[in-house]
Amino acid sequence: MPSKPRRARGAAAKPAAGKIVRKAVQKLDKPIVRVTGPDHSLPTKVIQVQRRDFHATSQFRRKMAALKKLSDEGKLYKATNPVERDKNLTDGYKERIRQKIWDKYWPHDKDLANRLSERLSSYHPDHVWELQLGGPDTVDNLKLLHGRTNTDIGSQIWGQIQTLPDGTPIRIEVVD
């Protein structure tokens, strides 16, 4: 039975991690292509991502569930670096969320609008399917994630894949 969207207090329903990933994969305008050696047989590298005390637990688990699903489907690989990224995409995403906060709560609840806007400053637009693991740089692949959690997860992954050949298949192991 498919999981039902969860509702946080005062929030719209949030799709399960699988739906976010599926939407990003469906919107991908190019096929998944791995750059491999002449014999197309790079060995799969298992990398571990560990939850740390400062991670927002539910956000960490949501992110890891999405990456684990992609990993299990064989879609993760080390992308050629530097990865192509449109900074305007992530900046615009965050700005649209900020505008939605103001549209919904201003002027009838100025205090809440200010608190939410302030809280937004500690969040990053995160590529659910990491760009460094072959993910698309599209709005459908973005979700807000606590900044420190986002930065740490990305750093843990990069530290383990940076010396691998481009196109190396990646499997994710979560250490919680």
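Here the structure is shown first, and the text comes after it.
Now for a look at the structure at hand. (Residues numbered from 1 in each chain as written. Predicted model: local features only at pLDDT ≥ 70, side-chain atom pairs only at ≥ 80, totals over all residues. Heavy atoms only, no water.)

**With respect to the overall build of the protein chain**
For the record, the criterion: Secondary structure is summarised from DSSP: a helix means a run of H or I of at least four residues, a strand means a run of E of at least two, and numbering begins at the N terminus for each. Relative accessibility thresholds used throughout: buried, under 20% of the residue-type maximum; exposed, over 50%; partly exposed, between the two (1.4 Å probe, protein chains only). In this analysis, two residues are considered to be in contact whenever any of their non-hydrogen atoms come within 4.5 Å of each other.
Looking only at helices and strands, the protein chain features five helices and four strands. What you see in the protein chain, going N to C, is helices and strands ordered as α-β-α-α-α-β-β-α-β. When each of the 176 residues of the protein chain is scored for burial, the buried share is 37%. Looking at the protein chain alone, contacts between residues at least 24 apart form 75% of all its contacts between residues at least 6 apart.

**Things to note about the pattern of salt bridges**
Stated precisely, the cut-off is as follows: Think of a salt bridge as a Lys or Arg side-chain nitrogen and an Asp or Glu carboxyl oxygen that are within 4 Å of each other.
Evaluation of the coordinates by the stated rule reveals 13 salt bridges. Between Asp176 and Arg61 there is a salt bridge, with its nearest N and O atoms 2.8 Å apart. Within this pair, whereas Asp176 is found in the segment after strand E4 (170-175), its partner Arg61 is found in helix H2 (residues 57-72), the two being separated by 115 residues in sequence. Classification of Asp176 by relative accessible area gives exposed; the value is 53%. Judged by its relative accessible area of 47%, Arg61 is partly exposed. Across the salt bridge formed by Lys78 and Asp166, the nearest N and O atoms sit 2.8 Å from each other. With Lys78 in the loop between H2 and helix H3 (87-105) and Asp166 in the loop between helix H5 (147-161) and E4, this pair connects stretches of sequence that are 88 residues apart.

**Topic: the packing of aromatic side chains**
In this description, an aromatic ring pair is defined by two values, namely the gap between the centres and the angle between the planes. The condition that has to hold: When two rings of Phe, Tyr or Trp (its six-membered ring) have centres within 6.5 Å they constitute a pair, described as stacked for plane angles under 30 degrees, edge-to-face for angles over 60, and tilted for the intermediate range. We call a charge positioned over a ring when the NZ of a Lys or the CZ of an Arg lies within 6 Å of the ring centre and within 35 degrees of the ring normal.
Scanning the entire structure with this criterion turns up one aromatic pair. Positioned over the ring face of Phe54 is Arg148, at 3.8 Å from the centre of the ring.

**What to know about the side chain of Lys78**
Short version of the rule: Contacts described as polar in this section are N or O atom pairs within 3.5 Å, which, within protein, must combine one atom able to donate a hydrogen with one able to accept it, while residues neighboring in sequence count only if both atoms come from side chains.
Accessibility expressed as a relative area gives 5% for Lys78, which makes it buried. Looking at Lys78, its side chain comes within polar contact range of the main-chain oxygen of Leu164, at 3.4 Å. Setting aside anything within four residues of it in sequence, one finds Lys78 in contact with Gln132, Trp158, Ile161, Gln162, Leu164, Pro165, Asp166, Gly167, Thr168 and Ile170.

**Details of the nonpolar core**
Definition in use: To qualify as a nonpolar core, a set must consist of buried Ala, Val, Leu, Ile, Met, Phe, Trp, Tyr and Cys residues joined through side-chain atoms within 4.5 Å.
Grouped together as the largest cluster of nonpolar side chains are 15 residues, with contacts concentrated most on Leu67, Leu76, Leu133, Ile157, Ile161, Ile170 and Ile172. It is H2 that contributes the most residues to this core, four residues altogether. Not counting residues up to four positions away in its chain, the partners in contact with Leu133 are Leu67, Lys75, Leu76, Tyr77, Ile157, Ile161, Ile170 and Ile172. Grouped together as the second largest cluster of nonpolar side chains are five residues, Ile101, Tyr105, Leu112 and Leu120 included.

**Some thoughts on unusual backbone geometry**
The omega torsion of the bond from Asn81 to Pro82 falls at 0°, within 30 degrees of zero and hence cis. Geometrically, the link from Trp106 to Pro107 is a cis peptide bond, its omega value of 0° lying close to zero. Within the fold, Pro107 resides in the loop between H3 and helix H4 (110-120).

**A short note on the packing of H3 against H4**
To keep it simple, the criterion reads: For every element, the axis is a line fit to its C-alpha atoms; helices are fit only across the contacting stretch, and the angle between N-to-C directions ranges from 0 to 180 degrees. The labels follow the angle: roughly parallel below 35 degrees, roughly antiparallel above 145, roughly perpendicular from 65 to 115, and oblique for the rest. Less than a right angle of anticlockwise turn of the near helix away from the far helix marks a crossing as left-handed, whereas a clockwise turn marks it as right-handed. Under the convention adopted here, Pro, Cys and the residues Ala, Val, Leu, Ile, Met, Phe, Trp and Tyr are nonpolar, Asp, Glu, Lys and Arg are charged, and Gly plus all remaining residues are polar.
Put simply, H3 and H4 touch, their axes get as near as 9 Å, and they point 170° apart. Considering their axes alone, H3 and H4 lie roughly antiparallel with respect to each other. As for the relative orientation of H3 and H4, their crossing is right-handed in sense. Residue-level contacts link Lys94, Ile97, Arg98, Ile101, Trp102 and Tyr105 of H3 to Lys110, Leu112, Ala113, Asn114, Leu116, Ser117 and Leu120 of H4. The residue inventory of the contact of H3 with H4, partitioned by class, reads eight nonpolar, two polar and three charged.

**Observations regarding H5**
As a reminder of what qualifies: Between the first and last residue of a helix there are one fewer steps than residues, each counted as 1.5 Å, and that sum is the expected span.
Helix length check: H5 (15 residues) gives 21 Å between terminal C-alpha atoms against 21 Å at 1.5 Å per residue, within 8%. For H5, every residue scored as buried is listed here: Gly147, Thr149, Asn150, Asp152, Ile153, Gly154, Gln156, Ile157 and Ile161. Contact partners of the buried residues in H5: strand E1 (45-50), H2, strand E2 (123-127), strand E3 (142-146) and E4.

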